[in-house]
Structures are given as structure tokens and as C-alpha cells.
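Chain and residue survey
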Amino acid sequence: MRGWLRRGLAAAQLAGDRSDLWPAGSLAWLAYLGWLPLLVVLARPDPNDLAFFGVSIYTSSAFPWNVVALAAASVAIFVLLCVIAAAAEVALLRSAAVGDRHPTSYGRAVMTAFTVILVSTLPAVGAGVLVLLGVMAVAPAEFQSPDIGTPVLLRLAGPLLPYLVVMVLALLAGQVFGGLALRAAQAAPQKPVTAAFASAARGLLRRPWPSLGVAGGG
């Protein structure tokens, strides 16, 4: 435990001392998960607005094609954010690496990182779909509940708590697996991305707790 704590502190000190790493690191975090707290702080969603939005979609004359268009736009935005995160991660890893020579081009490295990020995000996406299905099952009764003293988000959080826990665990597991795979791909860029996945799986099975501790601390 002390070993990965020391490595984590050394990484934090490196990030604090080298301001040239801040733009790429900030962009990678903003594209991957940083948009969520930013959205909550700057444009906190109102449950009543969300309910009105859902009703307007269902009662629209364009239904169900408006749902198809919304789903297609969501997938396109998700893919774009993954590409941005991959480009920022490659720039961050190359800037932090010792030496200036890289055996592969930046574009190929970004595509490899994009594949890693996409695969490592799939568990969280699947858990998010389960959360949405749970919201669809619970929300009608909670929005019509006579309990107006309790905020509707708290009433929704109770039945959805197991789904939310699974989503957080899936996100943490994806972070650990993706981080190990990105490091393996950066260390051996001439190998196929499947080799990076295999290396990440072996490392996670052999020593899971240091990687989980670093990801959880991050």
C-alpha cells in the first residue's frame, strides 16, 4: 500500500510542478467525466424540466423518430468526447514521457487510445442504460406521488441506489482497465491493441488493489 501511495504522491507532484501537462490533462478530464460536475454546478437540471421534456418528446408528432434522432446525437457526442479524450491522453503521456522520440505517429496513437477508451467505457455505458431503464420504471410513480415534502431526486435515488452503485463500480473498473491498457499501448506501440488489453487484464488479475487504489484516489 505504501508503494502505490508513494507513486501517487510522486505523480501528483509531477503534475503540480509541470504546467505544460495541465492543458492536456484538463482536456482529457473534461471530455471524459469533468463535464458532469461542470453541468451540475453551472446548469443543474430541474426534475420538473426533465419531466416536461420527456412528456414533450412522447406527445410530439415526430415520435418515435425524435427519439431515434436524440439517440443518434447522443452516440455521436459520446464518440466525439472519446476521440477528444484519446487525443488529450496521448498528448499527456507523450509530454510526460522521457525523451522526444516516438516510434508511431500521433494519429495512430490517438486511434489506439480511442479504441482503449471506448472499450473501457462500455461497462459504465451498460450500467448507465440500466439506470435509465430503472428511471423509466420508477419515475412515473414518483412524479405523481403525494409526498411533496421530499425532493423528487431523493425519492428516485432510493429505488435506484443499487443501479447507481453498480454504475460507480463499473466506472471505476473501466478506469483501472483503461489506464493499464493505455500504459501498455504507450510502452509497446508497435503491438496491436489486443496485446494492450491482454496486458491490462493480466496486470489487473495479478495485482488489482494498487490499480484500484490509484483509480479510486483519482
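Conventions adopted
Residues numbered from 1 in each chain as written. Predicted model: local features only at pLDDT ≥ 70, side-chain atom pairs only at ≥ 80, totals over all residues. Heavy atoms only, no water. Helix = DSSP H or I, 4+ residues; strand = E, 2+ residues; numbered from the N terminus. Contact = heavy atoms within 4.5 Å. Areas by Shrake-Rupley, 256 points an atom, 1.4 Å probe, with all protein chains shown as cover. Patch = residues over 30% accessible without salt bridge, like charges linked within 9 Å, V, L, I, M, F, W, Y side chains within 5 Å. Salt bridge = Lys/Arg side-chain N within 4 Å of Asp/Glu carboxyl O. Buried < 20%, exposed > 50% of the residue type's maximum accessible area, 1.4 Å probe, protein only. Expected span 1.5 Å × (residues − 1). 1 Å grid on protein atoms, 1.4 Å probe; cavity = no way out; pocket = protein on both sides within 12 Å on 5 of 7 lines; lining within 4 Å. Points joined across faces, edges and corners; volume = space filled by probe spheres on them. Nonpolar A, V, L, I, M, F, W, Y, C, P; charged D, E, K, R; others polar. Core = buried A, V, L, I, M, F, W, Y, C linked by side-chain atoms within 4.5 Å. Polar contact = N/O pair within 3.5 Å; in protein donor to acceptor, adjacent residues only side chain to side chain. pLDDT = per-residue confidence, 0-100. Axes fitted to C-alpha atoms, helices over the stretch in contact; angles between N-to-C directions. Parallel < 35°, antiparallel > 145°, perpendicular 65-115°, else oblique. Left-handed = near helix turned anticlockwise from the far one by under 90°.

What follows covers the overall build of the chain. Looking only at helices and strands, the chain has 8 helices and 0 strands in total. Along the chain direction, N to C, the helices and strands of the chain fall in the order α-α-α-α-α-α-α-α. Partitioning the contacts of the chain with sequence separation of at least 6, the portion at a separation of at least 24 is 70%. In the form shown here, the chain has an accessible surface area of approximately 14400 Å², with 72% of it arising from carbon and sulfur atoms.

To continue, consider a nonpolar patch on the surface. A surface patch of nonpolar side chains, amounting to about 750 Å² of accessible area, comprises L30, W35, L36, L38, L39, V40, V41 and L42. With respect to the helices, strands and loops of the structure, W35 is situated in helix α2 (residues 22–42). On the accessibility criterion, W35 (39% relative accessible area) is partly exposed.

Here the focus is helix α4 (residues 65–96). Between its terminal C-alpha atoms α4 stretches 46 Å, which fits the 46 Å expected from 32 residues at 1.5 Å a residue. Buried residues of α4: N66, C82, A85, A86, A88, V90 and R94, and no others.

Here we come to the layout of surface pockets. By volume, the second largest pocket is sized at about 2200 Å³. In terms of lining, the second largest pocket is formed by 50 residues, of which the most central are A11, G179, R183, V214 and A215. Broken down by secondary-structure element, the contributors of at least two residues to the lining of the second largest pocket are α1 (2–17), α2, α4, α5 (106–143), α6 (152–187), α7 (193–206) and α8 (208–217). A total of 13 residues in the lining of the second largest pocket trace back to one element, the largest contributor, which is α6. Looking at the lining of the second largest pocket residue by residue, the classes come out as 31 nonpolar, 14 polar and 5 charged.

Turning next to the pattern of salt bridges. A full pass over the atoms with the stated rule returns 1 salt bridge. Taking the shortest distance from any N to any O, the salt bridge between R18 and D20 comes out at 2.7 Å.

Okay, the nonpolar core next. Judged by nonpolar contacts, the single largest core of 20 residues is most densely connected at A86 and I117. At the level of elements, α2, α4, α5, α6 and α7 are the ones that each hand at least two residues to this core. Among the elements that take part in this core, α5 stands out by supplying 6 residues, more than any other. Those residues in contact with I117, other than ones at most four positions away along the chain, are Y32, C82, A85, A86 and E89.

With that settled, the discussion passes to the side chain of S120. Take S120: it is sitting in helix α5. Side-chain polar atoms of S120 contact the backbone oxygen of I117, separated by 3.1 Å.

Before going further, it helps to spend a moment on the environment of R108. In this fold, R108 is placed in helix α5. Judged by relative accessible area, R108 falls into the partly exposed class, the value being 47%. As for R108 and P189, which are separated by 81 residues in sequence, their C-alpha atoms are 9.0 Å apart.

Here the chain shows a mean pLDDT of 81. Residues at 70 or above account for 87%. For the chain, helix α3 (residues 47–59) is the element with the lowest average pLDDT, namely 71, and α4 is the one with the highest, namely 88.

Quick look at the packing of α2 against α4 now. Between α2 and α4, the least distance of the axes is 8 Å, while the angle of their chain directions is 150 degrees. Accordingly, the angle class assigned to the pair α2 and α4 is roughly antiparallel. Note on packing geometry: the crossing formed by α2 with α4 is left-handed. Residues A24, G25, L27, A28, A31 and W35 of α2 form the contact with α4, whose own contacting residues are L81, I84, A85, A88, E89, A91 and L92. Its residues assigned to classes, the contact of α2 with α4 shows 11 nonpolar, 1 polar and 1 charged.

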